[in-house]
Amino acid sequence: MPSFGKIFPNSFLMSISKSLTFNMLFLLTVIIRGFAFVEQRTGMEHFGPFTFNGIRFLLGSLTLLPLLALQNKSRGKSGI
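Parameters at a glance
- Residues numbered from 1 in each chain as written.
- Predicted model: local features only at pLDDT ≥ 70, side-chain atom pairs only at ≥ 80, totals over all residues.
- Heavy atoms only, no water.
- Helix = DSSP H or I, 4+ residues; strand = E, 2+ residues; numbered from the N terminus.
- Contact = heavy atoms within 4.5 Å.
- Phe/Tyr/Trp six-rings, centres within 6.5 Å; stacked < 30°, edge-to-face > 60°.
- Buried < 20%, exposed > 50% of the residue type's maximum accessible area, 1.4 Å probe, protein only.
- Patch = residues over 30% accessible without salt bridge, like charges linked within 9 Å, V, L, I, M, F, W, Y side chains within 5 Å.
- Areas by Shrake-Rupley, 256 points an atom, 1.4 Å probe, with all protein chains shown as cover.
- Salt bridge = Lys/Arg side-chain N within 4 Å of Asp/Glu carboxyl O.

Caption draft 1: Highlighting the side chain of Gln 40. With respect to the secondary-structure elements, Gln 40 resides in helix α2 (residues 11–44). Discounting residues that sit within four places of it in the chain, Gln 40 has contacts with Arg 33, Phe 52 and Arg 56.

Caption draft 2: Geometry of the packing of aromatic side chains. This model, assessed by the stated rule, comprises one aromatic pair. Seen in terms of ring centroids, Phe 22 and Phe 26 are 6.3 Å apart; in terms of plane orientation they differ by 15°. Their pairing is stacked. Here the residue Phe 22 and the residue Phe 26 both occupy positions in helix α2, the gap between them amounting to four residues, near one helical turn. The burial state of Phe 22 is the same as that of Phe 26; both residues are exposed.

Caption draft 3: Up close: a nonpolar patch on the surface. Side chains of Phe 47, Ile 55, Leu 58, Leu 59, Leu 62, Leu 65 and Leu 68 sit close together on the surface and give an oily, nonpolar patch of about 610 Å² of accessible area. If you trace the backbone, Leu 65 turns up in helix α3 (residues 49–75).

Here it is in structure tokens:
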């Protein structure tokens, strides 16, 4: 895989690309957080606070497990 410096040899282009990547990830985070607020308010009408937060924690953990396994695989570690 070619390195980032070979694709964008100019440091100015690298800083623009990094800044654009940061801004797009930040925008995605804000959008997800905005939708989550609506879902939290709606979910609290159907479940109690402890059950709702337990389900959120469980779903978040299950979402991150494949990413953790992928990270360990790329580092050469076995298992989670």
